[in-house]
Amino acid sequence: GAVEPIDWDYVRAVDSLAGDFEPEWISEHLCWTTAHGVHFHDLLPLPYTEESVTHVAGRIRQVQDFMGRQLVIENVSSYISFKHSTLSEGEFVAAVATSADCRILLDINNIYTSQMNHGEAAQDYLKSIPPERVQEMHLAGGEERDGYLLDSHSRPVPPAVWQLYEAALRHCGSVPT
């Protein structure tokens, strides 16, 4: 999601690794992590706008064309939002996946975390996701700090995430988890 040029050396390295191990799919987080040559070592959310959809989907298509395979994008947990976002997070993820013709790794805990942090309904998020695009689901447990729910993977999966997972299964059908 960054605005810097795609790091083709990195893409070639991933493609070479994929050639050696032949994974079923390759996934990447739907976010940005660099600006002006600085790596932030965090999964930073994008503004949920049509402009961002066009930007990210175009980059995903370029990488898919280079690698000759469909990628899988994963939703991230977010702790901030952009005031000029015009789409919900679920609508954004769905629009990117559809525009890029890629698949989705639906992180159920990340949905729960983001929706709790932003006071939104996780069920509405799920309804936005095209079930035919979901390749895999993730589950985890986080922790609360300073009024925010964090995706720390440091706790057991909480009951609310299990309930959201059940709803996701009803929406998407049986996919690897």
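Structure: see above.
Procedures and definitions
Residues numbered from 1 in each chain as written. Predicted model: local features only at pLDDT ≥ 70, side-chain atom pairs only at ≥ 80, totals over all residues. Heavy atoms only, no water. Pairing = 2+ DSSP bridges. Helix = DSSP H or I, 4+ residues; strand = E, 2+ residues; numbered from the N terminus. Axes fitted to C-alpha atoms, helices over the stretch in contact; angles between N-to-C directions. Contact = heavy atoms within 4.5 Å. Expected span 1.5 Å × (residues − 1). Buried < 20%, exposed > 50% of the residue type's maximum accessible area, 1.4 Å probe, protein only. Salt bridge = Lys/Arg side-chain N within 4 Å of Asp/Glu carboxyl O. Left-handed = near helix turned anticlockwise from the far one by under 90°. Nonpolar A, V, L, I, M, F, W, Y, C, P; charged D, E, K, R; others polar. Disulfide = S-S within 2.5 Å. Phe/Tyr/Trp six-rings, centres within 6.5 Å; stacked < 30°, edge-to-face > 60°.

A. Layout of the sheet that holds strand β6 (residues 134-138). Taken in spatial order, the four strands line up as β1-β4-β5-β6 in an open sheet, and their pairing is parallel. For this open sheet the edge positions go to β1 (27-29) and β6, each flanked by a neighbour on one side alone. In this sheet, neighbouring strand axes are inclined to one another by 25 degrees on average, regardless of whether the strands run parallel or antiparallel. Taken together, the three bridges between strand β4 (residues 72-74) and strand β5 (residues 103-107) define a ladder with parallel strand orientation. Opposite V72, over in β5, you have R103 as the bridge partner. Running at roughly 170 degrees to β6, helix α6 (residues 159-172) makes contact with β5 and β6 of the sheet.

B. Broad picture of helix α3 (residues 89-100). Over its 12 residues, α3 runs 16 Å from end to end, which matches the ideal 16 Å to within 8%, given 1.5 Å per residue. Along α3, the residues classified as buried are E89, G90, F92, V93, A94, V96, A97 and A100. Considering only its buried residues, α3 is in contact with α2 (50-67), β4, β5, α4 (108-118) and α5 (122-128). Just past α3, the residue D101 takes up positive phi, approximately 55 degrees.

C. A look at the pattern of salt bridges. Using the criterion set out here, one finds four salt bridges in the structure. The partner of E143 in a salt bridge is R145, and the shortest N-O contact between them spans 3.1 Å. The salt bridge involving E143 is made with R155; its shortest N-O contact spans 3.8 Å. With E143 in strand β7 (residues 143-145) and R155 in the loop between β8 (148-150) and α6, this pair connects stretches of sequence that are 12 residues apart. Within the structure, one salt-bridge network assembled from shared partners comprises E143, R145 and R155.

D. A look at the packing of α4 against α6. Relative orientation of the contacting elements α4 and α6 amounts to 115 degrees, with a least axis distance of 9 Å. Taken as a pair, α4 and α6 cross one another with a handedness that is right-handed. Residues I108, N109, I111 and Y112 of α4 form the contact with α6, whose own contacting residues are A160, V161, L164, Y165 and A168. Split into classes, the residues belonging to the contact of α4 with α6 amount to eight nonpolar, one polar and no charged.

E. Just unusual backbone geometry, in detail. Of note, the phi angle at H36 is positive, near 55 degrees, even though the residue is not glycine. The topology assignment puts H36 in the loop between β2 (32-35) and β3 (38-44). The exposure class assigned to H36 is exposed, which follows from its relative accessible area of 77%. With phi around 55 degrees, D101 is a residue other than glycine that occupies positive phi space. Tracing the chain through its elements places D101 in the loop between α3 and β5.

F. Expanded view of the state of the cysteines. Counted according to the given criterion, the structure contains zero disulfides. The structure places no disulfide on C102, whose sulfur is separated from the nearest cysteine sulfur, that of C31, by 13 Å. Residue C172 stays outside any disulfide, its sulfur separated by 14 Å from that of C102, the closest cysteine.

G. Representation of the packing of aromatic side chains. The final tally for this structure, using the stated rule, is four aromatic pairs. Ring plane angle 55 degrees and centroid distance 5.5 Å describe the contact between W8 and F66, whose orientation is recorded as tilted. With W8 in helix α1 (residues 8-21) and F66 in helix α2, the pair connects residues that are 58 residues apart, well separated along the chain. Residue F66 is classed as partly exposed on the basis of its relative accessible area of 38%.

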